[in-house]
Amino acid sequence: MCGGGYSPEIRRKYFISGPQWAAAYRGQALFWAPTREPITFEDVIREFGKIGIGYWSTHDSDVIPTDVLGTDRQAEIVAKIKRTLEEHGVKCSMVTTETFYHAVFAAGPAPEAPEVREYAAFRVRNTVDIGHELGARYAVYWPGSLGYFTQGSIDEIQTLGWYADALNAACERDIEVAKQKGRDTLKHCLEAKPFEPQAEILLPTSDAMLAFISSGRLKHPEMVGLNPEYLHELMWGGAPRAALARALLAGKLWHLDINDGYRLKHDVDIAIGLVNPLDWLNVLMLLRSNGFNGPFNLDFKPLRTTSNHGVFAVSFPNAVDRFITLWEIAAEALEDSVIREATAALKAGSGVSAGTDADAIAEANKELLTLHELIAHRLVQLLLGMHRGRTYF
Ligand code: GLT
Ligand code: MN
Ligand code: MN
């Protein structure tokens, strides 16, 4: 750690999940060889338990080799995961289907070949089964391979329809299994990313996904919502806070990948608040004031220069703790008397009765609007602790 941290008990009070793939990420990329040794799900779950990360999330193929998915061997591995989770006091919150890595998805999860689409349907159905078995409440879908490198070779409308068929298969299976097990159905959450790995992506943003959900192609649109990732909205140049506001407005913000990075760059998946802490404070104020309390999924990648030991000694505890601190500062900011007073004054307006006289209305509001800037200064004060020890007059 950096010399201090929250206790595991405090960390467990938040609905924070750690992905298997993030902790087991070995530092590899297109031009980069791995820098860390492989680790198992037992290692990850044990370390999350020690840190106090109460929830674990996984792709089907992170822990179950592709060739044994759906077989008895899968059942054995799932039973082993269950035991490991129990042993370390960690719960599985979310499962996601990998429909991008294996060569079978070379043309994406919804290509022309019906046998590949049938296989994709099997994969998402099977993930639903795994999710129910592990007690998860969320399923995530990242259709990053739904797109193309060269134009004209695929039919966008048909591809989107086929992708909807896969989600329909997952929802129908979910309804069946939930009934058998006496559980609620899962919340199926779509995750957008504007670029990577395809050059052109069919569902590049959370807004595109909202349109897709209400396109009429989904049989159970009420079962499908969003898992936005902070960085993915930033990557296309959007304002994550505004994207999340639109998702909230649509009642579809169900799950959130928390991380950080830069605008118009690739998916660097840096730990939350390490690049844009002020923006994150604003995002968390929005979420708190609209009743979103998680799950917050730590979808960041420990840096390639971090060691195996550092992943659990430095990366994860610092990411969790920065989230908690920012979350608490967000509460402070929402209660802050300066911000409250300024906001109330803005909402009250100038009180002038000037009818249709635009100039008179503008004149009357002129001083009041300075409060926008005042709020911004105050937020930075709260973030950096600059309000401490100052005299206010
Ligand atoms: C992939 C992607 C992430 C998604 C994962 C969920 S897969 O690593 O870049 O942002 O959350 O499938
Ligand atoms: Mn993500
Ligand atoms: Mn990402």
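Residues numbered from 1 in each chain as written. Chains lettered and ligands numbered in written order. Predicted model: local features only at pLDDT ≥ 70, side-chain atom pairs only at ≥ 80, totals over all residues. Heavy atoms only, no water.

> Mind showing me how you'd approach the packing of helix α5 (residues 72-88) against helix α6 (residues 114-134) here?
When two helices pack together, you describe them by how their axes are tilted relative to each other and by the distance separating the axes. At a minimum axis separation of 10 Å, α5 and α6 run at an interaxial angle of 35°. The handedness of the crossing between α5 and α6 comes out as right-handed. Packed against α5, whose contacting residues are Gln74, Val78, Ile81, Lys82 and Leu85, the element α6 presents Asn126, Ile130, Glu133 and Leu134 at the interface. Considered class by class, the residues forming the contact of α5 with α6 number five nonpolar, two polar and two charged. (Axes fitted to C-alpha atoms, helices over the stretch in contact; angles between N-to-C directions. Helix = DSSP H or I, 4+ residues; strand = E, 2+ residues; numbered from the N terminus. Left-handed = near helix turned anticlockwise from the far one by under 90°. Contact = heavy atoms within 4.5 Å. Nonpolar A, V, L, I, M, F, W, Y, C, P; charged D, E, K, R; others polar.)

> Quick question: what am I supposed to make of the coordination of the manganese ion (ligand 3) here?
Ideal geometry at a metal centre: 109.5 degrees between donors when four sit tetrahedrally, and 90 or 180 degrees when six sit octahedrally. Every protein donor of the manganese ion (ligand 3) is accounted for by Glu229 (OE), His232 (NE2), Asp267 (OD), Asp267 (OD) and Asp269 (OD), and the metal-donor separations fall at 2.1 to 2.4 Å. Counting gaps between the donor residues of the manganese ion (ligand 3) yields the pattern E-x2-H-x34-D-x1-D. Look at Asp269 and you get buried, because its relative accessible area is 2%. (Donors = N, O, S within 2.8 Å, 3.2 Å for Na, K, Ca; no water. Buried < 20%, exposed > 50% of the residue type's maximum accessible area, 1.4 Å probe, protein only.)

> Whenever I open this one, the environment of Leu371 confuses me. Can you help?
Counting through the fold element by element, Leu371 comes out in helix α15 (residues 370-384). Measuring from C-alpha to C-alpha, the distance between Leu371 and Glu196 comes to 41 Å, with 175 residues separating the pair along the chain. Setting aside chain neighbours within four positions, we find Leu371 in contact with Ala342, Ala345 and Leu346.

> So what exactly am I meant to see when it comes to the pairing of strand β3 (residues 91-96) here?
The buried fraction of β3 is high, at five of six residues. Bridge analysis of strand β2 (residues 55-59) against β3 gives five bridges, and the strand direction is parallel. Among the inter-strand pairings, Trp56 is bridged to a residue of β3, identified as Cys92. Direction of pairing for β3 relative to strand β4 (residues 138-141): parallel, over a ladder of three bridges. Looking at the pairing, Thr96 lines up with Val140 of β4. On the question of chirality, the crossover connecting β3 to the parallel β4 by way of α6 is right-handed. (Pairing = 2+ DSSP bridges. Right-handed = clockwise from strand over helix to strand, strands pointing away.)

> Sorry if this is basic, but what is going on with the sheet that holds strand β6 (residues 187-190) here?
Backbone-to-backbone hydrogen bonds pair the strands of a sheet. The strands run either parallel or antiparallel. Here eight strands make up an open sheet; going across it, the order is β8-β6-β4-β3-β2-β1-β10-β9 and the pairing parallel. With one partner strand each, in any of the chains shown, β8 (224-226) and β9 (256-257) form the two edges of the open sheet. Each of β2, β3, β4 and β6 touches α6; the most contacted strand, β3, lies at about 175° to it.

> Just to check I follow, could you spell out the packing of aromatic side chains for this structure?
Working definition: an aromatic ring pair is given by the centre-to-centre distance plus the angle between the planes. Scanning all chains against the criterion turns up 16 aromatic pairs. Considering the side-chain rings of Phe15 and Tyr138, the 6.4 Å spacing of their centres and the 65° angle between planes classify their relative orientation as edge-to-face. Here Tyr138 lies in strand β4 and Phe15 lies in the loop between α1 (8-12) and β1 (16-19), a separation of 123 residues in the sequence. The pair Phe15 / Tyr138 is uniform in exposure class, with both members buried. Through pairs of rings, three or more aromatic residues link up here, namely Tyr14, Phe292, Phe296, Phe323 and Trp327. Across from the ring centre of Trp162, 3.8 Å away, lies the NZ or CZ of Arg117, which sits over that ring. (Phe/Tyr/Trp six-rings, centres within 6.5 Å; stacked < 30°, edge-to-face > 60°. Lys NZ or Arg CZ within 6 Å of the ring centre and 35° of its normal.)

Limitation: the analysis is restricted to geometry and does not speak to function.
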